[in-house]
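Residues per chain, in single letters:
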Amino acid sequence: MKNIFTNFIDSIWFYCRSITGDGLRNTLKDIQKIHRDLNIIEVPTGTKVLDWVVPQEWNIRDAWVKNEKGEKIIDFKVNNLHILNYSEPFYGEISKSELLAHLYTLEDQPDVIPYVTSYYKRRWGFCISEIEKKNIIGESFEVFIDSTISDGGLSIGELYLPGKKEKEILFSTYCCHPSMANDQLSGVALNVFLADWIKQIPNRKYSYRIIFIPEIIGSAAYLQMNLEYLKKNVLAAFNVTCVGDDRTWSYVPSRVGSTFSDKVALNVLHHYAKEHKIYTWNDRGSDESMFCAPGIDIPMVSILRSKYGTFPEYHTSDDVLGKTVTEKGMQESFELYQKLLLCLEYNAFPLTQVLGEPQLGKRGLYPDLSIKGSTNSVKDMLNILSYCDGNHDVFDISNRTNVPPLEIINYLTLFKEHGLINQEF
């Protein structure tokens, strides 16, 4: 049985997304059906965004190759990965040698269709498996690519959920790839339903900004419009992608590596993911490159399952539901991000209201009969209290005591009830 995540992925699977165009736009419109407050922003062709320029808009309706018998041997409508993304229009009869020059395959993965793009240089082409390429028979082929590259715009989806504070948590995900489950739609699905969950948090402390953008060029466009505001208000930022498989967890740090986002991510992974692989900034390859660039310095990190570029199905037709993205993987990722958000919402710098180590016994928090081993249960409480000096937040205390942050929050709630720490917690 499919869960809400995989059902949603299924529903938008066949849109031929790119960095511009109706595939991207229709994806955002489908998200808008769930979140009516999603703002869809159009950035016109030719707009300078940081060091980049928004390209012309690409749309495609059909594409195929027929052999001499009139049989379609490559068909975009069978799999939208078959078309070179951003392929210019073409129609004509060509020789086999010319056709082969316009085919893209992966020789080391001969049975998959590769995902190939040519955003900033005009060309046409098709993507097929190496096996299919070797089985092409004939000398003359009819090629048809019904695409347009013309002035239009780049689409961005923005969802802003205000809280008590202006300080905000930013979640970003890219939605510019065609039919690929983990390296694309898993992040989109998680952000869609994470937003739904955030909306249900009563009296939420922080504001939340969730954006759906085309990778790199979209982050440049969004930063061009919002840089000063984001630099002032973003407390933590997360690039959400490749969260659908149930393999090991992964972490990609910010460029600085010691931001609040880094501290939060590492702590949550340590306590709630256990096994995880830590990458370096040099292993990056997504929107964190733009958000963490010098002069931008938005503290963005990535908490993923298999990192983009590391799993064999990456950027191929094998990145599909059931193979890379599973119900279990999506649910586990959602639950980890829920924990992360709860830790952020209840994070504080607790300050003791008692001079010296408090007497827990008179508050019913210490055993009234002392025998060897009887005080083990209060050791965590005493350790946590010892760091309630107003200078350590929940994550600092968790790192120093090795107590999971949500448990610390429960302890702090107990301490507050007994007047041991400040009421502002």
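Before reading further, recall that the structure is shown in the block above.
Conventions used here
Residues numbered from 1 in each chain as written. Predicted model: local features only at pLDDT ≥ 70, side-chain atom pairs only at ≥ 80, totals over all residues. Heavy atoms only, no water. 1 Å grid on protein atoms, 1.4 Å probe; cavity = no way out; pocket = protein on both sides within 12 Å on 5 of 7 lines; lining within 4 Å. Points joined across faces, edges and corners; volume = space filled by probe spheres on them. Nonpolar A, V, L, I, M, F, W, Y, C, P; charged D, E, K, R; others polar. Buried < 20%, exposed > 50% of the residue type's maximum accessible area, 1.4 Å probe, protein only. Helix = DSSP H or I, 4+ residues; strand = E, 2+ residues; numbered from the N terminus. Pairing = 2+ DSSP bridges. Core = buried A, V, L, I, M, F, W, Y, C linked by side-chain atoms within 4.5 Å. Contact = heavy atoms within 4.5 Å. Polar contact = N/O pair within 3.5 Å; in protein donor to acceptor, adjacent residues only side chain to side chain. Axes fitted to C-alpha atoms, helices over the stretch in contact; angles between N-to-C directions. Left-handed = near helix turned anticlockwise from the far one by under 90°.

In this structure, the largest pocket spans a volume of roughly 300 Å³. Along the walls of the largest pocket sit 15 residues, with Lys 205, Glu 345, Tyr 346, Glu 424 and Phe 425 positioned nearest its centre. Here the residues of the lining of the largest pocket are counted per class, giving 5 nonpolar, 3 polar and 7 charged.

Summarising burial for strand 10 (residues 153-161): 8 of the 9 residues are buried, a large majority. Here strand 1 (residues 39-44) runs beside strand 10; their pairing, made up of 6 bridges, is antiparallel. Directly across from Val 43, in strand 10, lies its bridge partner Leu 154. Note that strand 10 and strand 12 (residues 207-213) share 5 bridges and pair antiparallel. Considered in strand 12, the bridge of Tyr 160 is made with Arg 209.

Turning to the nonpolar core, a few remarks are in order. Core analysis: the largest hydrophobic core is formed by 55 residues, its most contacted members being Phe 126 and Ile 298. Per-element tally for this core: the top contributor is helix 6 (residues 217-233), with 7 residues. Those residues in contact with Ile 298 that sit more than four places away from it in its chain are Leu 170, Leu 223, Leu 230, Lys 231, Val 234, Ala 237, Phe 291 and Cys 292.

Here we come to the environment of Asn 239. Among the secondary structure elements, Asn 239 is positioned in strand 13 (residues 234-239). Note: C-alpha distance between Asn 239 and Asn 203 (36 residues apart in sequence) is 25 Å. The residues touching Asn 239, leaving out its near neighbours within four places in the chain, are Ser 172, Thr 173, Tyr 174, Ser 286, Asp 287, Glu 288, Met 300, Val 301, Ser 302, Ile 303 and Tyr 337. There is a polar contact of 3.0 Å between the side chain of Asn 239 and the side chain of Glu 288.

A word on the packing of helix 9 (residues 327-345) against helix 12 (residues 405-417). For the pair helix 9 and helix 12, interaxial distance at closest approach is 9 Å and the crossing angle is 35°. Handedness of the helix 9/helix 12 crossing: left-handed. Residue-level inspection shows Lys 339, Leu 342 and Cys 343 of helix 9 in contact with helix 12, the latter providing Pro 405, Leu 406 and Ile 409.

Pairing within the open sheet is antiparallel, and its 4 strands lie in the order 5-4-9-6. The outermost strands of the open sheet, each flanked by one partner alone, are strand 5 (72-75) and strand 6 (90-95). Neighbour to neighbour, the strand axes of the sheet diverge by 15° on average, direction disregarded. With 9 bridges joining them, strand 4 (residues 57-66) and strand 9 (residues 140-150) adopt antiparallel strand pairing. Along strand 9, the bridge assignment pairs Ala 63 with Ile 145.

Relative to the helices and strands, Ile 74 is located in strand 5. Residues Ile 74 and Ile 128, 54 residues apart in the sequence, show an inter-C-alpha distance of 7.7 Å. Those residues within four positions of Ile 74 in sequence are excluded, and the remaining contacts are Ala 63, Trp 64, Val 65, His 82, Leu 103, Phe 126 and Ile 128.

With that out of the way, let us pick up the sheet that holds strand 15 (residues 276-278). As summarised here, the arrangement of the 8 strands in space is 1-10-12-11-13-16-14-15, forming an open sheet in which the pairing is mixed. The sheet is open, and its two edges are formed by strand 1 and strand 15, each paired on a single side. Ignoring strand direction, the axes of neighbouring strands in this sheet form an average angle of 25°. Set on the sheet, helix 6 makes contact with strand 1, strand 10, strand 11 (168-174), strand 12 and strand 13; between it and strand 10 the angle comes to about 30°. Sheet strands in contact with helix 9 are strand 11, strand 12, strand 13, strand 14 (249-252) and strand 16 (300-304), and its direction is about 160° off that of strand 11.

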